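# Observations on chain architecture
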There are 2 protein chains.
Amino acid sequence: MKKDKISSAVIRRLPRYYRHLDELHRKGTVRISSGALAKSMGLTASQIRQDLSCFGGFGQQGYGYNVERLRGEVADILGMNRAYTAVILGAGNLGRALIENFPFQANGFVLVAAFDVDPALVGARLGGVPIYHTRALESYLHEHRVNVGVLTVPGSVAVESARRLANGGVEGIWNFTNIEIPQQEIGKVRVESVHFADSLLTLSYMISEERL
Amino acid sequence: MKKDKISSAVIRRLPRYYRHLDELHRKGTVRISSGALAKSMGLTASQIRQDLSCFGGFGQQGYGYNVERLRGEVADILGMNRAYTAVILGAGNLGRALIENFPFQANGFVLVAAFDVDPALVGARLGGVPIYHTRALESYLHEHRVNVGVLTVPGSVAVESARRLANGGVEGIWNFTNIEIPQQEIGKVRVESVHFADSLLTLSYMISEERL
């Protein structure tokens, strides 16, 4: 696998490539031209060719891309074949939505445990995932290899929870709180935040723009 | 307000500007230099100056930006002062998480109603928001001005739900399903999707990258 420096713009597009290729594969598409892939993704064919050449995409002049092979290549680069494990901190509405409905496995992750302080939840299982008391987090992280912590706690305990995950050895934090986690609190741990508000405000801009 | 063409990269950064400026304002910061704002946002000072000049940002040489004024300017551009209304389709875990915890009002929106097919939910109120049966959607949209529909339904009914919202006259759809809504199904309605998987895969890439 060729893999030199991939620009952050290409990286941001990689999951979208994966999503589209996976859908094509499920529909039974064997080959696709850069033009057709571009159209379905709202990009230009030359951008597709340029992006995919960054990681040695298997396009062949006049032939297009082998969908399954390209999907595998993208999955590889995204680390989807590493069986990463994840725990969720906070089994409120959002935590439960992720536990019960988000396809961790289809994205290469195994959700191994959830943690909450609510006595009504502790000891139960949700979608097959055990819920432990948050005070057991440190011992759990000590005994299990956990790559990613998912933060669905109230904002008031977001930074403290992130610090505990970092101290426990996770490599990444998937942050759903509206709090920015200061990097100095968590050392080298990588953070990816889902900012609902940013997304809604982008939509707000788009519909305002329409009215001008 | 100056407002010519704003590039889509700048638009994507606007909500982040708003978020940072709002936090600075709440902390009591009156003025901030482009350098300090850049540092807190992980951008360069020249990028900040360039972005903000796109919409006539009020920077003054040697003085910096007036935080409250700039925040107001950004809010204006984002359409946050237009009292947009929103309805939620689907009051499952994710829908309830948004109804109960997402600060619609702080983002310039009023959440006016939710719709679900579950008889146990219909007729109830969640966080002050009434829940109606989904079959009442058309008549509700006919009688009320609704700008945005939030899609938190199962993927299997995502496209059909989007079409009903579009036929009912909404201007934007905030899509939380993992389905891409085909533009031809919804005419001129704008869609903004929150793709959880794309975000997790970006994190997966980042931690894989760390290991190389």
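Residues numbered from 1 in each chain as written. Chains lettered and ligands numbered in written order. Predicted model: local features only at pLDDT ≥ 70, side-chain atom pairs only at ≥ 80, totals over all residues. Heavy atoms only, no water.

## Some remarks on the overall build of chain A
Of regular secondary structure, chain A possesses eight helices and nine strands. Within the span of chain A, comprising 212 residues, buried residues form 51% of the whole. As presented, chain A carries roughly 10,000 Å² of accessible surface, and 49% of it is formed by carbon and sulfur atoms. (Helix = DSSP H or I, 4+ residues; strand = E, 2+ residues; numbered from the N terminus. Buried < 20%, exposed > 50% of the residue type's maximum accessible area, 1.4 Å probe, protein only. Areas by Shrake-Rupley, 256 points an atom, 1.4 Å probe, with all protein chains shown as cover.)

## Focus: the interface of chain B and chain A
Counting residues at the interface gives 58 residues for chain B and 57 residues for chain A. Of the roughly 5,400 Å² buried between chain B and chain A on both sides combined, carbon and sulfur atoms contribute 61%. If you look at where chain B meets chain A, you find four salt bridges. Here Asp-198 of chain B makes a salt bridge to Arg-19 of chain A, at a shortest N to O gap of 2.5 Å. (Contact = heavy atoms within 4.5 Å. Buried area = accessible area lost by both parts, 1.4 Å probe. Salt bridge = Lys/Arg side-chain N within 4 Å of Asp/Glu carboxyl O.)

## Side note on the packing of helix α1 (residues 8-26) of chain B against helix α2 (residues 34-41) of chain B
Residues and elements named next belong to chain B. The N-to-C vectors of α1 and α2 enclose an angle of 110°; their axes lie 11 Å apart at closest approach. Classified by the angle between their axes, α1 and α2 sit roughly perpendicular to one another. Crossing geometry of α1 relative to α2 is assigned as right-handed. Taking contact as the criterion, the partners of Arg-16, Tyr-17, His-20, Leu-21 and Leu-24 in α1 are, on α2, Leu-37, Ser-40 and Met-41. Tallied by class, the residues present in the contact of α1 with α2 amount to five nonpolar, two polar and one charged. (Axes fitted to C-alpha atoms, helices over the stretch in contact; angles between N-to-C directions. Parallel < 35°, antiparallel > 145°, perpendicular 65-115°, else oblique. Left-handed = near helix turned anticlockwise from the far one by under 90°. Nonpolar A, V, L, I, M, F, W, Y, C, P; charged D, E, K, R; others polar.)

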